[in-house]
Amino acid sequence: MAHVTSVNISEKKGTAKHEVPEIQLRLRHGIVGDAHAGDWHRQISLLAEESVDRMRGLLPQLKPGAFAENINTSGIALKSLPIGTRLRIGETEVEVTQIGKECHNDCAIKKAAGQCVMPTEGIFAVVVREGTVRAGDPIEITGEEEAT
């Protein structure tokens, strides 16, 4: 079963994200207390633990949040989800809005390893249903947004 392996935030932009016991998702905001929260299309970032594990082959010291991801997952192929896919994560629900992103030229991981997985394997989402997310919470694909 797909599940959350860690939840991570950073209180200030430009600082590394760190693991926390739980995160609060809020509509039109994202994660309470995270520096990247706001009413935009990249409220939450998700990255598969399987992607991080491949990078740990090059950089064994990588910790949750090293790629600036808010939610690490296991058992779900995030990068293959189409935009508009909805995921139930514990008591919350999010909608995928973007796959990957441009990597910063000064990305410490890219400098150290020569590559970074976030630009091609990370995904971004907006909050559809508020609530709390914790490590161990199940993840379920609930469908795609209906066209109106």
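In this report, we go over the structure that sits alongside the text. (Residues numbered from 1 in each chain as written. Predicted model: local features only at pLDDT ≥ 70, side-chain atom pairs only at ≥ 80, totals over all residues. Heavy atoms only, no water.)

**Things to note about the overall build of the protein**
In step 1: Broken down by element type, the protein carries three helices and 11 strands.
In step 2: Going from N to C terminus, the protein has its helices and strands arranged as β-β-β-β-β-α-β-β-β-α-α-β-β-β.
In step 3: For the protein, buried positions account for 46% of its 148 residues.
In step 4: A total accessible area of about 7,600 Å² is found for the protein, and carbon and sulfur atoms account for 51% of it. (Helix = DSSP H or I, 4+ residues; strand = E, 2+ residues; numbered from the N terminus. Buried < 20%, exposed > 50% of the residue type's maximum accessible area, 1.4 Å probe, protein only. Areas by Shrake-Rupley, 256 points an atom, 1.4 Å probe, with all protein chains shown as cover.)

**Things to note about the sheet that holds strand β3 (residues 22-26)**
In step 1: Spatially, β4-β3-β10 is the arrangement adopted by the three strands of the open sheet, whose pairing is antiparallel. Both edges of this open sheet fall to β4 (30-31) and β10 (131-134), since each of them pairs with a single strand only.
In step 2: When β3 meets β4, the two strands line up antiparallel, connected through two bridges. Paired with Leu25 across the bridge in β4 is Ile31. (Pairing = 2+ DSSP bridges.)

**Here's the deal with the packing of aromatic side chains**
In step 1: Within the structure shown, the criterion is met by zero aromatic pairs.
In step 2: Above the face of the Phe124 ring, Arg42 is positioned so that its terminal group lies 4.8 Å from the ring centre. (Phe/Tyr/Trp six-rings, centres within 6.5 Å; stacked < 30°, edge-to-face > 60°. Lys NZ or Arg CZ within 6 Å of the ring centre and 35° of its normal.)

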